[in-house]
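Each chain, written out:
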Amino acid sequence: MIGCRVLPIFAYNYLYRMDSKAFKKAIQQGIPDTLPEMPAYDKNINHAPKRKDILSKEEKKLAIRNALRYFPAKHHAKLAKEFADELKTYGRIYMYRFRPQYKMFARPINEYPHRSQKAAAIMLMIQNNLDEAVAQHPHELITYGGNGAVFQNWAQYLLVMKYLSEMTDEQTLVMYSGHPLGLFPSSKNAPRVVVTNGMMIPNYSKPDDWEKFNALGVTQYGQMTAGSYMYIGSQGIVHGTTITLLNAGRKIKSAGASGSLAGKIFISSGLGGMSGAQPKAAVIAGAIGVIAEVNPKVVEKRHKQGWVNEVYTDLDKLIIRIKKAVKNKEATSLAYQGNIVDLWEKFAKLVGTGHVVSLQLGSDQTSLHNPFAGGYYPVGLSFEESNKLMVSNPNEFKKKVYESLKRQVNAIRKLTDSGMYFFDYGNAFLLEAGRAGANIFKKDGSFIYASYVEDIMGPICFDYGFGPFRWVCTSGNPKDLQLTDIIAAKVLEVLYAKAPHEIKQQLRDNIHWIKEAQKNKLVVGSQARILYADADGRIAIAKAFNKAVREKRLSAPIVLGRDHHDVSGTDSPYRETANIYDGSRYTADMAIQNVIGDSFRGATWVSIHNGGGVGWGEVMNGGFGMVLDGSADADKNLEAMLFWDVNNGIARRAWARNDGAIFTAKRELKRSRNLQITLPNTVEDKLLNNLF
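Residues numbered from 1 in each chain as written. Predicted model: local features only at pLDDT ≥ 70, side-chain atom pairs only at ≥ 80, totals over all residues. Heavy atoms only, no water.

K.L.:
Is there a simple way to think about the packing of helix 11 (residues 315-328) against helix 12 (residues 340-350) in this case?
P.N.:
Each pair of packed helices can be described by the angle between their axes along with the distance between the axes. At their nearest, the axes of helix 11 and helix 12 sit 11 Å apart, and the two run at 65° to each other. In this structure, helix 11 crosses over helix 12, and the sense of that crossing is right-handed. On helix 12, the residues that touch L315, D316, L318, I319 and I322 of helix 11 are D342, L343, K346, F347 and L350. Among the residues forming the contact of helix 11 with helix 12, the class breakdown is seven nonpolar, no polar and three charged. (Axes fitted to C-alpha atoms, helices over the stretch in contact; angles between N-to-C directions. Helix = DSSP H or I, 4+ residues; strand = E, 2+ residues; numbered from the N terminus. Left-handed = near helix turned anticlockwise from the far one by under 90°. Contact = heavy atoms within 4.5 Å. Nonpolar A, V, L, I, M, F, W, Y, C, P; charged D, E, K, R; others polar.)

Here's what the structure looks like:
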């Protein structure tokens, strides 16, 4: 199984049991009293780009003063100089000296020293987020998206793991943007961890504010599932990307009534932590995925993991290979190691010449929420040149980015004019291209292309309650994961038999997905799975898992979670709530209410973040984790919490007059005792038109 860390139990014991005691001791020690040796800077893994030099001299002193808070005075003289060097060299203080030397990966739950099994599960999730096979910049504690951090520095990691090893089921760990504020007394039914990331006063939530306050060491960008310990590798978005492509295929005429993508080309960019899902999803959907990526190390990683079938650096050779794939109707994935603009322009020049088959689908998944610090690389500069320019001359780099975006849009427009269906993938591509002055607006000021939430995921999935439900087998045993797949498929088949026709297709897609999951080799890191399910499906699957844990058919607890990219967890006007048209798409009440409600309905941990896939200050998103330990309490909590976690969003979407959400709300009202939802009355257009 290429790229998957799947070890039989005897192999696990042989490789890792020897240092089990030392590992537990290191966790319990926290920040060591004696300074450890400085580990070598590993050039073989991806590192975060240098951040911009944004602090004044006095602010740099403050950043170092802040960092030294974690250490006794006896170490200050040595560490002050060291941290000053890090700040100068990298633009941040990561505290590399304190990076643990044990292997970072999701161990079986009982390998963690703990007094609370739920705390051990959280330790497992944290280590998975920082696994070198999973994380984008693991030594900078960044999981994905260029800046999605688990912690700001290694001292925070060490202290958090120590707290979790000591925590009881009557304590709660409070996390302030990576900083562990402390363990506080609480009840057994309270969350074991409460996480906030990037909670800023609104007037201080612009991109440069993140640069400044993150450099000071007082806030961080948690992305969506990085800072909430719920990342499961690219699998976490493969399924959503697959559903998106399947439904995009159903929109193009050339796909026919079946929506088949056989022989159809999908072009996009990005092979990072999230965007790396695209080639795998294209193959699962039956298409030819052609994905551009400028970072050679990322291309190599995805190719080794089996997420990309072939790699090309020559555009002419790539075109020849694409034509062959189209002719044979192959389901395959091809990486172009180069700039996406060059790829788009190559296809645009060939429009109408007869030298290449036409494109059907296009998108973009570069990290344009972070366009000037490694999220987007402009055409005309090498990867290395860009990394230097973004630091040495930020204004010139920004100019290059905007020129590149304008060229990219021009090429895309030529292709859409010839019949390609293009959708924004919620990565702020349209938003940033608009800011660049690209030709991307209609006369009324709206974008010429719909986002995938407006066109696909919102009306088809979110409004009906379907979203990215996920789980992790804390045993680390692939057999447990296989059993959960079987359980989930059976549950969905039962629900499908009695489902209304409005959600039959959604259930069909997910039944097919989960039955094919093992074959598609999606596991990288923890033994995890994801599928799209509504409240009924999530509750029924979770109950079945909890029962299997109780009956010891599953050998260890299951951690439930979801991507924040869901029905109810996130307020994001250019992505998750892009299909909210009552004017409330810029409000964030839903995400805040989601986390508050989950907190007192039994979630094991909850998180709320400023930022995410569309950018700092552009989104508010909330998440949760829940440990199913086989207990009666877990049965009660999962029903209460999962019901709220979905239906909070359904009620809001129904109030926004979304037809699918109104249908879902009315269906729920008929069968749920103690539920009342405020539903909208509709107004005739003619009445309003006559007023003005």
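K.L.:
So what exactly am I meant to see when it comes to the pattern of salt bridges here?
P.N.:
One pass over the full model with this rule turns up 34 salt bridges. Put simply, R529 and D485 hold a salt bridge, and the shortest N to O gap is 2.9 Å. Here R529 is found in strand 13 (residues 528-533), whereas its partner D485 is found in helix 17 (residues 478-498), with 44 residues between them in sequence. Put simply, D645 and R562 hold a salt bridge, and the shortest N to O gap is 2.7 Å. You can see D645 sitting in helix 21 (residues 632-655) and its partner R562 sitting in strand 14 (residues 558-562), a full 83 residues away along the chain. Judged by relative accessible area, D645 falls into the buried class, the value being 1%. Ionic contacts of the salt-bridge type, sharing partners, join the residues D536, R667, E668 and R671 into one network. (Salt bridge = Lys/Arg side-chain N within 4 Å of Asp/Glu carboxyl O. Buried < 20%, exposed > 50% of the residue type's maximum accessible area, 1.4 Å probe, protein only.)

K.L.:
Even after reading the chapter, I still don't get the sheet that holds strand 9 (residues 332-337), so can you show me in this structure?
P.N.:
Strands in a sheet are paired, the pairing made by backbone hydrogen bonds, and the direction either parallel or antiparallel. Read from one edge to the other, the open sheet built from six strands follows the order 8-9-7-6-10-11, with strand pairing classed as parallel. Every other strand in the sheet has two partners, leaving strand 8 (310-312) and strand 11 (421-422) as the edge strands with one partner each. When strand 6 (residues 265-269) meets strand 10 (residues 361-362), the two strands line up parallel, connected through two bridges. When the sheet's bridge partners are listed, F266 is paired in strand 10 with L361. (Pairing = 2+ DSSP bridges.)

K.L.:
When you look at the packing of aromatic side chains in this model, what are you seeing that I'm missing?
P.N.:
Evaluated as defined, the whole model comprises 31 aromatic pairs. Between W344 and F422 the ring centres are 6.3 Å apart and the planes differ by 65°, which places this aromatic pair in the edge-to-face class. Placement of W344 in helix 12 and of F422 in strand 11 is noted, with a sequence separation of 78 residues between them. With relative accessibility at 0%, the residue W344 sits in the buried group. For F422, a relative accessible area of 3% gives the class buried. With 5.8 Å between their ring centres and 35° between their planes, Y421 and F423 make a pair best called tilted. For Y421, a relative accessible area of 15% gives the class buried. Cluster of aromatic residues (ring-pair linked, three or more members): F266, Y421, F423, Y425 and Y452. Residue placement shows K504 over the ring face of Y496; its charged tip is 4.1 Å from the ring centre. (Phe/Tyr/Trp six-rings, centres within 6.5 Å; stacked < 30°, edge-to-face > 60°. Lys NZ or Arg CZ within 6 Å of the ring centre and 35° of its normal.)

K.L.:
Honestly, the pairing of strand 4 (residues 179-185) in this entry has me stumped. Any pointers?
P.N.:
Every other side chain in a regular strand lies on the same face of the sheet, so the side chains alternate between the two faces. In this sheet, strand 4 lies alongside strand 3 (residues 171-176) in antiparallel orientation, the contact comprising six bridges. Bridging across to strand 4, M175 finds its partner in P180. Between the end of strand 3 and the start of strand 4, which pair antiparallel, lie two residues, with S177 showing a positive phi angle near 50°.

K.L.:
Just to check I follow, could you spell out unusual backbone geometry for this structure?
P.N.:
Glycine aside, negative phi is the norm for most residues, and most peptide bonds take the trans geometry. Despite not being glycine, M95 shows a phi value in the positive range, around 60°. Along the chain, M95 falls in the loop between helix 4 (76-90) and helix 5 (117-129). On the accessibility criterion, M95 (0% relative accessible area) is buried.

K.L.:
Even after reading the chapter, I still don't get the side chain of T570, so can you show me in this structure?
P.N.:
Along the chain, T570 turns up in strand 15 (residues 570-571). Engagement of the side chain of T570 in a polar contact is seen with the backbone oxygen of H564, the distance being 2.7 Å. Beyond its immediate sequence surroundings of up to four residues, T570 is in contact with M224, H564, H565, E576, T577, M590, A591, V619, M620, N621 and G622. (Polar contact = N/O pair within 3.5 Å; in protein donor to acceptor, adjacent residues only side chain to side chain.)

K.L.:
When you look at the nonpolar core in this model, what are you seeing that I'm missing?
P.N.:
Soluble globular proteins tend to pack their nonpolar side chains together in the buried interior. If you look at the biggest cluster of nonpolar residues, it comprises 156 residues, and the most contacted ones within it are I126, Y157, L164, Y229, W471 and L560. Element by element, the count of residues in this core is highest for helix 6 (residues 154-166), at nine residues. In this structure, A292, L315, A348 and V409 belong to the second largest nonpolar core, which totals 49 residues. (Core = buried A, V, L, I, M, F, W, Y, C linked by side-chain atoms within 4.5 Å.)

K.L.:
Can you help me understand the environment of L687 in this one?
P.N.:
Mapping L687 onto the fold places it in helix 23 (residues 685-689). A residue is classified by how much of its surface remains accessible, and L687, at 52% relative accessible area, is exposed. Each C-alpha atom of the pair L687 and D563 lies 41 Å from the other, and the pair is 124 residues apart in sequence.

K.L.:
What am I meant to see in the packing of helix 5 against helix 6 here?
P.N.:
Between helix 5 and helix 6, the shortest axis-to-axis distance is 9 Å and the interhelical angle comes to 155°. On the basis of their axis angle, the class for helix 5 and helix 6 is roughly antiparallel. When the axes of helix 5 and helix 6 are compared, the crossing they make is left-handed. In this structure, helix 5 contributes A119, I122, M123, I126 and Q127 to the contact, and helix 6 contributes Y157, V160, M161, L164 and S165. (Parallel < 35°, antiparallel > 145°, perpendicular 65-115°, else oblique.)

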